[in-house]
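Geometric and topological summary
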Amino acid sequence: MLAQSPIIAFTILILVIFTVPPIFERLRLPGLVGLLVAGVILGQNGLNLLNSESETIKLLSEIGKVYLMFVAGLEIDLEQFRKTRNRSIGFGTLTFLVPLITGIFIGRLFNFSWNASVLIGSLLASHTLLAYPIVSRLGVVTNEAVTVTIGATIFTDTGALLVLAICVGIHAGEFTALSLVTLLAGLAIYSVVVLFGFDWLGKEFFRRSGDEQGNQFLFILLALFIASVGAQVIGVEKIVGAFLAGLAVNDVLGRSPVREKVEFVGSVLFIPCFFVDMGLLIDIPAFVKTLSSVWLTLAIVVGLIGSKFVAAFLAKLLYRYNNAELLTMWSLSLPQVAATLAATLVAYKTFNSAGERLINEGVLNSVIVLMLVTAIIGPIITSRFATTLTVPQANLATNKLSSWWQNSMGEVEEQTPTPSPFTVVVPIYNPKTQRYLIEMAALLARHESGRIVPLAIAVGRVHMDDPQLNAALSQCRQRLEGALEISQEFGVEASPAVRIDDDVALGISRTSREENANLVVMGWSRNTGLRARLFGNVIDSVFWSSHCPVAVTRLLNSPTKIQRILVPVGNFTPQTIGAVRFAQILADVNQAQVVLLHVCDRRTPQAQVSKFESQLSEIASQSKLQVNTSIKTIVNDDIARVIIREAEAFDLVVMRSTRYRTAGGLAVSEVTTEVIKELNCSIVLLGEPHS
């Protein structure tokens, strides 16, 4: 009786989501695999603590299913799609039609109906960009083959969901040519309304609501569920509406803090519930029977892998790509997670008037095996071959911080000097740590013959004569007096500023914009727990809203004493090279040494390592500063552990801030996060605008 209680079921789900994925990730297995296994163990063939038919599980799983497709739509990079639209459509057509035809052939081979066979083909036609974090970390997203594959996702997922809608409609009832035309017409009108209407409404609402993130978050959720309900009204599956809603609000959200919150809620609660429910549906006896009669599963897995390779090979011939680009496109289009699993569950739960399912348990189990296989081998192949891709290199040589941002973003440096001096904004709050912050800003400003703007922010009150506000302003002025004294020690011009603002982060960003700042130097915040993930912290918001680079510092010693600087380098993105330039300029101030650390895994060919070192040496030598810069390469599979170990001999580590997520919304552990938790030296974490 306790097991049937909604509260008990929800508690068990939360416990599973909290404990199981980290255990599987330590075993180097995807966390979602752990959720599937937990569903099997807790389901009817195991401990029988959870029931897939209970209202609690049904509701959470349904929300998770639409949320999964919504996030999949959100994560399609429309800007990348626009850049290579024609080639993305070309490859999207190939990687959709070849697996679709293969799936139809497999279905007919195993005596499925034409409708079920087409549905099986559509399950193979889509793909999930599970390995996107890998190409992003390697800095090869701008490679055309990668961009084309990312853009193709919008075509394959939309096509697969369209086929699903038609197959479900045919199976669920009488389906005539007229009803097909009616469905397609309704879907076309509905798609236009969602894609353009929600986009316009979203931009208008965000413009009018300003910084009200709570209402913006609710608007996005409302758009998701209205689109899902609308899809059901016109007679198609709700995951189609959820995917279109994700595409519609993609431009609206951009990389805003609201997007982070939307993805966070899905990734920590609803989407994991969907995967647990998938595990509950696995019938162990039927699963074993399917595996004993392995031919269907083998045909689906081999058919998917082979057809995706054929599509990538045809794209290689058509667009004259090299072998590394061929294999990267193939591996990126292999994983079958988001759209595939959501569509499979829909098809499995669709019955006709005779009570027959659209697909049977054999297909369901085969798709789960397919998901496990492709989710593992796809990222492995990507990490192996994406490292050899080449990307266009911009001229990033600079010996001035004032031109660092423009060059690091790949823009052309202005030939005429800027009319305003180089400006560093330094928000100060803690009197115990503000000295090192001011020293860092003063050193950089002196190098650039610029100035610093010490900034103290008092949180606004309803009444401007509020005693608490008066006390806060008095404290701000005291802190600024101390900052002015420190800047005078370094012979740097200082322009102290006091600001009253309801939002500290926006106060920092607005002041830096008003002062035409070139850099913001901030102190470290340890607010990284659940509250920070839900509501964000000051650093996150400044990274998003700032118009210029942001250097977040944790300084354990005076910056004037820095003699050895370590810069981990894993790729040649402009942001990474910006970190190298920042370190070299800081080293030039103190006559310090810079070491560029590159960690590669044991599978990396020696020729590739040598090529990387040569390119890194060329980038390091482009600086006109007389800075002692050396390169150190270490072969090891545990990048974070190597950085932590090597940093023990250094005064400062300079890293860049990045975040990654899978298309399923499940967080991917990143090296930066692990490293900063254990470093015992000073840290500078660089963030680009809108990062």
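For the structure, see preceding data.
Residues numbered from 1 in each chain as written. Predicted model: local features only at pLDDT ≥ 70, side-chain atom pairs only at ≥ 80, totals over all residues. Heavy atoms only, no water.

Judged by nonpolar contacts, the single largest core of 129 residues is most densely connected at L50, Y67 and F70. Here Y67 is in contact with L221, L224, V262, V265, G266, F270 and I271, once residues within four sequence places are set aside. Within the second largest apolar cluster, 54 residues are counted, among which are A445, F490, A579 and I585. (Core = buried A, V, L, I, M, F, W, Y, C linked by side-chain atoms within 4.5 Å. Buried < 20%, exposed > 50% of the residue type's maximum accessible area, 1.4 Å probe, protein only. Contact = heavy atoms within 4.5 Å.)

Taken N-terminus to C-terminus, the directions of helix α1 (residues 6–26) and helix α2 (residues 31–42) make an angle of 130 degrees; their axes are 8 Å apart at the nearest point. The angle between α1 and α2 places the two elements in the oblique class. Remark: the crossing between α1 and α2 carries right-handed chirality. Contact with α1, carried on its side by I12, V16, I17, V20, P21, F24 and E25, involves G31, V33, G34, L35, V37, A38 and L42 of α2 and no other residues of that element. (Axes fitted to C-alpha atoms, helices over the stretch in contact; angles between N-to-C directions. Helix = DSSP H or I, 4+ residues; strand = E, 2+ residues; numbered from the N terminus. Parallel < 35°, antiparallel > 145°, perpendicular 65-115°, else oblique. Left-handed = near helix turned anticlockwise from the far one by under 90°.)

Okay, the pattern of salt bridges next. Applying the stated criterion across every chain yields a total of 17 salt bridges. Taking the shortest distance from any N to any O, the salt bridge between R87 and E144 comes out at 2.5 Å. Placement of R87 in helix α5 (residues 85–109) and of E144 in helix α8 (residues 144–172) is noted, with a sequence separation of 57 residues between them. Take E144: its relative accessible area is 32%, and that puts it in the partly exposed class. E439 is the partner of R435 in a salt bridge, and the nearest nitrogen-oxygen pair spans 3.0 Å. Here R435 and its partner E439 are both found in helix α20 (residues 434–447), 4 residues apart, which amounts to about one turn of the helix. (Salt bridge = Lys/Arg side-chain N within 4 Å of Asp/Glu carboxyl O.)

Right, let's talk about the environment of R554 for a bit. In this structure, R554 sits in strand β6 (residues 550–554). Sequence separation between R554 and L437 is 117 residues, and the spatial gap between their C-alpha atoms is 8.9 Å. For R554, the side chain forms a polar contact with the main-chain oxygen of L679, separated by 2.7 Å. (Polar contact = N/O pair within 3.5 Å; in protein donor to acceptor, adjacent residues only side chain to side chain.)

Quick look at empty space enclosed by the protein now. Within the structure shown, the criterion is met by 1 cavity of 30 Å³ or more. Empty space within the largest cavity amounts to approximately 40 Å³. In terms of residue class, the lining of the largest cavity is built from 6 nonpolar, 3 polar and no charged. (1 Å grid on protein atoms, 1.4 Å probe; cavity = no way out; pocket = protein on both sides within 12 Å on 5 of 7 lines; lining within 4 Å. Points joined across faces, edges and corners; volume = space filled by probe spheres on them. Nonpolar A, V, L, I, M, F, W, Y, C, P; charged D, E, K, R; others polar.)

Taken as a whole, this structure holds 9 aromatic pairs when the rule is applied. Each ring, one from F205 and one from F219, has its centre 4.8 Å from the other, and the planes form 10 degrees; the classification is stacked. Taken together, the positions of F205 in helix α9 (residues 177–209) and F219 in helix α10 (residues 213–233) put the pair 14 residues apart, joining distant regions of the chain. Owing to a relative accessible area of 28%, F205 belongs among the partly exposed residues under this scheme. (Phe/Tyr/Trp six-rings, centres within 6.5 Å; stacked < 30°, edge-to-face > 60°.)

Look at α1: 31 Å from first C-alpha to last across 21 residues, which is about the 30 Å you get at 1.5 Å a residue. V16 marks where α1 bends most, by close to 25 degrees. By the burial criterion, the buried members of α1 are A9, I12, L13, V16, I17, V20, P21 and F24. Packing partners of the buried residues in α1 comprise α2, α3 (55–74) and α13 (257–281). (Expected span 1.5 Å × (residues − 1). Bend = angle between axes of the 7 residues up to and from the residue.)

Keep in mind these values describe shape, not function.
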